[in-house]
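Chain by chain, the residues run as shown.
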Protein chains: 2
Amino acid sequence: MSTIKSYIEENQARFLDELFVLLRTPSISSLKEHAPDMQRCADQLVEALISAGVDRAQVYPTAGHPVVFGEKIIDPSFPTVLIYGHYDVQPVDPLNLWDSPPFEPQIRDGAIYARGANDDKGQLFMHIKALEYMLLTQKLTCNIKCLFEGEEEIGSANLSAWVSDHVDMLACDTILVSDTTMLGENIPSINCGMRGLAYVEVEVTGPNKDLHSGHYGGAVANPINVLCRMITSLIDSKGRVTVEGFYDDVVELSAEDRAMLARAPFDEEHYKKSIGVKEVEGEEGYSSLERTGIRPCLDVNGIWGGYTGEGAKTVIASKAFAKISMRLVPNQDNKKVARLFAEHFTRIAPLGVQVKVTPHHGGQGFLTPISSPVYKAASQAIHEVYGIEPVPSRGGGSIPILAELQDILGVSPLLMGFGLERDTIHSPNESYLISQFTKGIESIVKFFEYYPV
Amino acid sequence: MSTIKSYIEENQARFLDELFVLLRTPSISSLKEHAPDMQRCADQLVEALISAGVDRAQVYPTAGHPVVFGEKIIDPSFPTVLIYGHYDVQPVDPLNLWDSPPFEPQIRDGAIYARGANDDKGQLFMHIKALEYMLLTQKLTCNIKCLFEGEEEIGSANLSAWVSDHVDMLACDTILVSDTTMLGENIPSINCGMRGLAYVEVEVTGPNKDLHSGHYGGAVANPINVLCRMITSLIDSKGRVTVEGFYDDVVELSAEDRAMLARAPFDEEHYKKSIGVKEVEGEEGYSSLERTGIRPCLDVNGIWGGYTGEGAKTVIASKAFAKISMRLVPNQDNKKVARLFAEHFTRIAPLGVQVKVTPHHGGQGFLTPISSPVYKAASQAIHEVYGIEPVPSRGGGSIPILAELQDILGVSPLLMGFGLERDTIHSPNESYLISQFTKGIESIVKFFEYYPV
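Residues numbered from 1 in each chain as written. Chains lettered and ligands numbered in written order. Predicted model: local features only at pLDDT ≥ 70, side-chain atom pairs only at ≥ 80, totals over all residues. Heavy atoms only, no water.

**Student:** Looking at this structure, how should I read empty space enclosed by the protein?
**Tutor:** Vacant regions in the atomic arrangement are exposed by a probe of water-molecule size rolled over the atoms. Taken as a whole, this structure holds six cavities of 30 Å³ or more when the rule is applied. Lining the largest cavity are 19 residues, and of these Glu152, Glu153, Ser398 and His426 of chain A together with His212 of chain B lie nearest its centre. When the residues that make up the lining of the largest cavity are grouped by side-chain class, the tally is five nonpolar, nine polar and five charged. (1 Å grid on protein atoms, 1.4 Å probe; cavity = no way out; pocket = protein on both sides within 12 Å on 5 of 7 lines; lining within 4 Å. Points joined across faces, edges and corners; volume = space filled by probe spheres on them. Nonpolar A, V, L, I, M, F, W, Y, C, P; charged D, E, K, R; others polar.)

Structure follows, in structure tokens:
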């Protein structure tokens with residue numbers, strides 16, 4: 001039988017064809033009209049798992065979008081790895097900025113362009129193809145369980161309940177996830193911690209109806225101006241979040257820990273150039289990597305109010321809205337922070353307006369110990385495939401459900417992600433390098449060679 | 001022949017039927033797709049003028065929406081009144097807040113509900129019906145010219161050029177306009193001054209693409225946060241606009257002038273209740289009426305950026321936008337203020353973003369002398385119809401083109417408006433009281449009895 005390297009070479013065209021079937025399914029979890037696509041995508045994954053040779057695979061309904069579960073039990077006495085991934089994707093707007101339609105995957109310059117190409121269909125599919133090879137070659141010395149959900153991008157609202165109901169079925173020794181990035185194509189890294197997330201929507205109401213800005217302008221609190229003022233006050237001149245109690249549970253890293261993380265190569269000029277900005281901005285006293293890795297922050301993700309059409313309309317809107325998210329570090333509780341935010345935001349509202357704060361999803365941050373045997377297996381695998389020892393890194397993003405899985409199943413997750421910054425996930429022209437896709441498959445197969453260690 | 005009062009009573013149903021034809025035409029000047037409706041509405045007005053008995057009426061094309069002109073020359077040696085009005089209307093969004101479709105006029109509780117019911121089709125149509133009566137009864141002792149434009153709501157961009165090209169045809173002694181409000185149904189008033197307007201659109205660009213807020217949050221300037229910060233800085237803690245040079249040309253009113261304007265009845269509790277706010281807000285040291293009548297201000301009329309759909313999206317938008325207008329008082333030049341704003345806004349932008357400021361339409365403020373004979377004629381007419389002497393007032397809104405007409409034709413406009421605050425023009429459920437419509441017709445006919453004085 002061929003090596004994994006040659007197996008990938010021989011089958012690459014087929015792998016991509018199969019992945020494209022998934023990518024053509026517009027599984028946008030946040031939009032109700034895509035519910036049938038969610039079901040279709042789940043069915044496609046069951047088929048893919050069965051083709052790969054698992055014992056059984058099945059779609060499980062939830063109160064939201066369905067969960068896919070499949071397993072291959074080699075020997076019940078062997079250790080078990082639970083692979084987690086998600087088949088839902090982010091919305092695609094603004095559509096006009098895509099160079100090719102988001103759900104018609106295209107290959108350009110060695111990369112796959114499509115919504116979900118990386119996040120997370122492309123990365124999830126690497127595991128299915130690694131599994132296919134390991135089952136074909138009978139190389140597997142552990143049991144595999146696969147858990148693919150359809151609500152990661154909207155906060156995995158229904159997964160923890162489902163997991164709690166299926167604790168025995170999901171019992172495992174390791175959770176393996178590919179849903180993160182590496183520092184660079186030639187700077188392999190393993191994510192050893194991620195931030196948590198508290199996400200809220202705010203509504204500021206001033207007058208009980210839209211007003212003519214000529215007749216009322218200057219004499220009433222304009223909800224848009226007020227919302228801007230309130231948002232501005234949420235971050236002080238040192239870049240710190242002003243929500244009362246926000247930093248209470250934040251653990252300051254030791255100088256040693258900060259030095260270790262600073263080993264990750266980072267070129268600020270390149271960073272600025274890659275996103276087209278002249279200057280970076282953030283909390284005083286921390287580097288850019290620290291600002292996204294070990295420090296919490298607050299960002300407005302969306303804002304709207306008043307007249308946003310063509311031309312001019314002289315109106316004072318009755319309401320203004322914003323979506324605001326806070327990235328949290330381990331030890332900050334997302335529910336507590338969302339509550340602190342709501343209290344603070346209500347407290348600072350001027351008399352002329354009323355505010356409403358609605359929490360969206362949230363999630364806890366978490367840490368993976370670098371000293372754990374699974375981290376070491378992953379490190380060896382990647383070292384072998386890339387020829388370079390991977391760097392431990394901290395991810396700024398959140399996979400809220402992972403912290404919950406850790407809680408419920410009592411097992412730490414290992415984040416072996418193969419995405420790159422250039423993939424612009426969540427944005428127009430999301431992509432995934434084919435070389436990362438194939439190296440990912442190879443690395444996963446190698447990981448299982450060193451596992452269980 | 002009957003009096004104007006009985007003529008209105010006999011013909012009211014027909015008047016409303018005829019007005020409804022105009023109201024059913026969705027002449028939204030700011031939306032390109034309504035261009036054919038603009039032409040149709042102009043044709044309807046020509047028909048209405050001819051039915052009323054004018055010598056000639058005609059649609060004139062412009063670079064934008066057409067102008068309607070009609071005239072009745074009784075005797076070239078008689079003085080001439082130019083009636084100005086506009087047949088274009090504001091957009092109708094948010095559509096879901098309308099109790100009945102905006103372009104299907106309905107009568108409820110003695111009021112007409114439709115977009116344009118008041119602003120300005122309803123008020124413009126009073127003049128056509130007054131004209132019909134005066135021509136039928138041969139009561140007119142002056143010449144009448146009617147100028148109806150289709151771009152008032154978008155800044156009358158093409159009217160001044162057209163007026164400049166037709167100065168002889170438009171030659172007149174008085175400009176009469178009904179496009180403003182009275183202080184109340186039982187507090188008749190005549191508008192003796194209006195604010196000017198400078199309207200701009202701003203675009204703030206941070207990163208060159210949308211970014212994942214987890215990966216970048218905390219380390220880059222978020223354009224929405226920055227826009228909020230910049231907007232907030234435009235108004236200081238005393239409610240004053242911080243744009244450098246903004247107040248340079250503002251003339252402070254004398255204590256006497258302020259006392260005269262303070263005679264207009266104003267109930268702050270009622271005012272707050274009518275718009276559903278607990279507290280008013282504005283420039284320190286001025287009353288609510290002064291804040292809208294004699295003081296300039298700055299309002300955000302619309303804001304948008306990032307994800308504004310259902311649910312949550314963890315994105316840092318590349319761009320954020322706002323529409324910002326400044327109401328100006330007489331002596332402030334709108335072009336100068338727009339320029340000062342652009343310079344200021346560009347200057348205060350932090351390094352992490354780039355800004356673009358695009359001016360929309362603008363207009364100068366103006367004043368009508370209370371001592372003028374035409375003001376006195378209007379005052380007598382309204383006194384007779386309402387049984388109460390009208391109060392002179394200052395309007396917060398803008399009819400930019402009136403200041404330009406004044407410049408080009410060398411004649412002051414007289415603002416005899418019959419709208420009420422309750423009509424919520426520019427908002428959902430715009431309405432116009434039938435009693436104001438009929439009293440308006442009556443007042444106009446009386447005005448011409450006292451004109452020329």
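Now, onward.
**Student:** I tried to follow the sheet that holds strand 18 (residues 431–433) of chain A on my own but got confused; where do I start?
**Tutor:** Backbone-to-backbone hydrogen bonds join strands into a sheet, with any given pair of strands oriented parallel or antiparallel. Residues and elements named next belong to chain A. The strand order 4-5-18 describes an open sheet built from three strands, whose pairing is antiparallel. In this open sheet, the two edge strands, each paired with only one partner strand, are strand 4 (106–108) and strand 18. Between one strand axis and the next, the sheet turns through 30° on average, direction left out of account. Pairing geometry for strand 4 and strand 5 (residues 111–113), over three bridges, is antiparallel. When the sheet's bridge partners are listed, Gln106 is paired in strand 5 with Tyr113. Where helix 1 (residues 4–23) meets the sheet, it contacts strand 4 and strand 5, and its direction lies at approximately 25° from that of strand 5. (Pairing = 2+ DSSP bridges. Helix = DSSP H or I, 4+ residues; strand = E, 2+ residues; numbered from the N terminus. Axes fitted to C-alpha atoms, helices over the stretch in contact; angles between N-to-C directions. Contact = heavy atoms within 4.5 Å.)

**Student:** Just to check I follow, could you spell out the pairing of strand 13 (residues 319–328) of chain B for this structure?
**Tutor:** Looking down a regular strand, the side chains alternate between one sheet face and the other. Residue and element names in this part refer to chain B. In terms of burial, strand 13 is largely enclosed, as nine of its 10 residues are buried. Of the strand pairs in this sheet, strand 9 (residues 196–205) and strand 13 are connected by 10 bridges, and their pairing is antiparallel. By the bridge assignment, Thr205 is partnered in strand 13 with Lys319. The pairing of strand 11 (residues 297–306) with strand 13 spans eight bridges and is antiparallel. (Buried < 20%, exposed > 50% of the residue type's maximum accessible area, 1.4 Å probe, protein only.)

**Student:** Help me out: how do you make sense of the interface of chain B and chain A in this one?
**Tutor:** Often, the extent of an interface is quoted as the loss of accessible area on bringing the components together. In this complex, chain B contributes 90 residues to the contact, which on the side of chain A involves 90 residues. The tally of links between chain B and chain A comes to four salt bridges. Note that Lys32 of chain A and Glu310 of chain B form a salt bridge whose closest N and O atoms lie 3.1 Å from each other. One can count 51 residue pairs in polar contact (both at pLDDT 80 or more) joining chain B with chain A. If one sorts the elements of the side of chain B that touches chain A by residue count, strand 11 of chain B sits on top with 10 residues. Here the side of chain B that touches chain A is composed, by residue class, of 32 nonpolar, 37 polar and 21 charged. Note that strand 11 (residues 297–306) of chain A and strand 11 of chain B share five bridges and pair antiparallel. By the bridge assignment for strand 11 of chain B, Gly306 of chain A is matched with Gly302 of chain B. (Salt bridge = Lys/Arg side-chain N within 4 Å of Asp/Glu carboxyl O. Polar contact = N/O pair within 3.5 Å; in protein donor to acceptor, adjacent residues only side chain to side chain.)

**Student:** What exactly am I supposed to notice about the relation of the copies chain B and chain A here?
**Tutor:** Copy one and copy two of the chain differ by a rotation about a common axis and a shift along it. Here chain B sits on chain A after a turn of 180° about the axis and a move of 0.0 Å along it, with an RMSD of 0.1 Å. Look at the turn and shift together and you get a two-fold axis relating the two. A high fraction, 100%, of the interface residues of chain B reappear at the interface in chain A, so the copies pair face to face through one surface. (Least-squares fit on C-alpha atoms with pLDDT ≥ 70 in both.)

**Student:** Which parts of the structure should I look at to understand the pattern of salt bridges?
**Tutor:** A side chain of one charge can pair with a side chain of the opposite charge if their charged atoms are brought near each other. Tallied over the entire structure, the rule returns 52 salt bridges over all chains. Glu269 of chain A is paired through a salt bridge with Lys272 of chain A; the nearest N and O atoms lie 3.3 Å apart. In this pair, Glu269 of chain A and Lys272 of chain A are both assigned in helix 9 (residues 268–275), three residues apart and thus about one turn of the helix distant. Across the pair Lys72 of chain B and Asp55 of chain B runs a salt bridge whose closest N-O atoms are separated by 3.0 Å. In this pair, Lys72 of chain B sits in strand 2 (residues 67–72) while Asp55 of chain B sits in the loop between helix 2 (35–52) and strand 1 (56–60), placing the two residues 17 residues apart along the sequence. On the basis of relative accessibility, which here comes to 46%, the residue Asp55 of chain B falls in the partly exposed class. One connected set of salt bridges, linked through shared partners, spans Arg14, Glu18, Lys129 and Glu132 of chain A.

Distances and angles like these do not, on their own, reveal function.
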